[in-house]
Every structure is written in structure tokens, then in C-alpha cells.
Amino acid sequence: MRHGLYYNTYLVPGCYGSGLMQAFSKHIIPRLGVWQDPSPPTTVRVTLLSRSTKHRRINNEEELVKAMKTVGFLDVRVVDYKYKVYPFLDQIQSSHNSDIFMGMHGSGLAHTIFLPDWAGVFEIYNTEDPRCYKDLARLRGVQYITWEDSNKLWKEAEVVLFSPLL
């Protein structure tokens, strides 16, 4: 099975910043009335995608957010993109106003296509599917990282704990 943007589709090796992906993003963002909020040039806007489901949650999320907020130049927001609570247009607006978009592997990371050109994605845990959102970020032309030290990730009753401080 080949992996690409969709499973079993061909993906050109080394393709970065796909014209199709760039065109889609540049076309859809202004037509939806999404804008870039001004932020101080010394501030990095971090959006942490929270999950209220029983799968792939960050069990120590509060601790992680508290630790990030101690870094003076980070503006940390926690969002839960539940469509009944957080309208899709507001989700796009939030994603588009992120410098770093982070979360667990899941459909919410598809918001990578709405990130600004300078943004990055941090997939906290890729559920052993390392290419999925890495490929999407590469095609969109944004940076991507995932946590690679499995000694600091562990499963606990369908929840993943993430502790970069250990």
C-alpha cells in the first residue's frame, strides 16, 4: 500500500508546498472571510487542539498548558473543535491565526491546510502513522514535527500521557 494525501494515492517524493494545496488555501481563506489577527512580532501563537473524546487525549494537558504558559513569548490557546460547539468557520479562523498548531493524531490536524505559510504543526503522538500529517504539512508547505522519544509517551486506559519535562 502506498501512502499519500489519501491512502493508496501516489505522492511525489520530495514535493513541498504543492501548488494545488497552496492554491486551495489561498482561494478559500479570503472567500470565507477569514483574516489574520494582528499579534506582536515577539509573540508566538500556540493553538493546542484538545480532545474531549475518550481516545487520544492528553491526560496531563493542564500540566502541559501550564508549562507552556510559563514561556513569556508564547500565547497559548486550548481549543476543542467539536462541530456542535465550535462552528467550522470559527475553527478555520482559529487555525489560521496559529503560529504553532499542536495536537494528537486525528482529523483535527487536517486544519493544517488553513495555517499561515510560516506556521508549524506539532503532532504530539502520531499513533504509529508517521506519514499522514507529515505529508499534509509538507504539501501545504508548513513545518512539521512529532514527538519521537517514546520513553516520554505512554498509554493509560485509552489516553496518552505526554511529558516533555521528564
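Residues numbered from 1 in each chain as written. Predicted model: local features only at pLDDT ≥ 70, side-chain atom pairs only at ≥ 80, totals over all residues. Heavy atoms only, no water.

Trainee: Which parts of the structure should I look at to understand the overall build of the protein?
Mentor: Looking only at helices and strands, one finds 4 helices and 8 strands in the protein. Across the protein, helices and strands are ordered from the amino to the carboxyl terminus as α-β-β-α-β-α-β-β-α-β-β-β. Every one of the 166 residues in the protein was classed for burial, and the buried ones make up 45%. Counting only contacts in the protein whose residues sit at least 6 apart along the sequence, the fraction spanning at least 24 positions is 58%. Of the roughly 9500 Å² of accessible surface on the protein, a fraction of 60% belongs to carbon and sulfur atoms. (Helix = DSSP H or I, 4+ residues; strand = E, 2+ residues; numbered from the N terminus. Buried < 20%, exposed > 50% of the residue type's maximum accessible area, 1.4 Å probe, protein only. Contact = heavy atoms within 4.5 Å. Areas by Shrake-Rupley, 256 points an atom, 1.4 Å probe, with all protein chains shown as cover.)

Trainee: Is there a simple way to explain helix α4 (residues 132-140) in this structure?
Mentor: Along an α-helix, a turn takes 3.6 residues, which lines up residues three or four apart on a common side. Most of α4 is tucked away, with 7 of its 9 residues classed as buried. Listed in full, the buried residues belonging to α4 are Tyr133, Asp135, Leu136, Ala137, Arg138, Leu139 and Arg140. Where α4 is buried, its residues touch α1 (19-31), β5 (120-123) and β6 (143-146). Following α4 by one or two positions, Gly141 adopts a phi angle in the positive range, close to 90°.

Trainee: Would you mind going over the side chain of Thr146 with me for this structure?
Mentor: Turning to its location among the elements, Thr146 is positioned in strand β6. For Thr146, a relative accessible area of 16% puts it in the buried group. Here the side chain of Thr146 touches Glu123 through a polar contact of 2.7 Å, landing on its backbone oxygen. When residues no more than four places from it in sequence are discounted, the contact partners of Thr146 are Phe122, Glu123, Ile124 and Asn126. (Polar contact = N/O pair within 3.5 Å; in protein donor to acceptor, adjacent residues only side chain to side chain.)

Trainee: Mind showing me how you'd approach the pairing of β6 here?
Mentor: A regular strand carries its side chains on alternate faces of the sheet. Burial along β6 is one-sided: the face carrying Tyr144 and Thr146 is buried and the face carrying Gln143 and Ile145 is not. Bridge count for β5 against β6 is 4 bridges, and the pairing is parallel. Within β6, the residue paired with Phe122 across the bridge is Ile145. A crossover connection joins β5 to the parallel β6 through α4; in handedness this β-α-β unit is right-handed. (Pairing = 2+ DSSP bridges. Right-handed = clockwise from strand over helix to strand, strands pointing away.)

Trainee: Where do I start with the sheet that holds strand β3 (residues 74-79) in this structure?
Mentor: The strands making up a sheet associate through backbone hydrogen bonding, with each pair oriented either parallel or antiparallel. Sheet architecture is open: 5 strands sit in the order β3-β1-β4-β5-β6, paired in parallel fashion. The sheet is open, and its two borders are formed by β3 and β6, each paired with just one other strand. Each adjacent strand pair in this sheet contributes to an overall mean axis angle of 20°, direction not counted. Each of β1 (44-49), β3 and β4 (100-103) is contacted by helix α2 (residues 61-69), which is oriented at about 160° to β3, the strand it contacts most. (Axes fitted to C-alpha atoms, helices over the stretch in contact; angles between N-to-C directions.)

Trainee: Would you explain the pattern of salt bridges in this entry?
Mentor: Where side chains of opposite charge bring their charged atoms close, a pairing between them can arise. In the structure shown here, the tally under the stated rule is 4 salt bridges. Put simply, Lys26 and Asp117 hold a salt bridge, and the shortest N to O gap is 2.7 Å. Of this pair, Lys26 sits in helix α1 while Asp117 sits in the loop between β4 and β5, and the two are 91 residues apart along the sequence. Judged by its relative accessible area of 44%, Lys26 is partly exposed. For the salt bridge of Arg140 with Asp117, the shortest nitrogen-to-oxygen distance reads 2.9 Å. Pair noted here: Arg140 is in helix α4 and Asp117 is in the loop between β4 and β5, with a separation of 23 residues, a long-range link. (Salt bridge = Lys/Arg side-chain N within 4 Å of Asp/Glu carboxyl O.)

Trainee: Where do I start with the side chain of Ser95 in this structure?
Mentor: The topology assignment puts Ser95 in helix α3 (residues 88-96). Ser95 gets classed as buried once you look at its relative accessible area, which sits at 0%. Those residues in contact with Ser95 that sit more than four places away from it in its chain are Tyr81, Phe101, His111, Phe114, Leu115 and Pro116.

Honestly, it's all geometry; don't read function into it.
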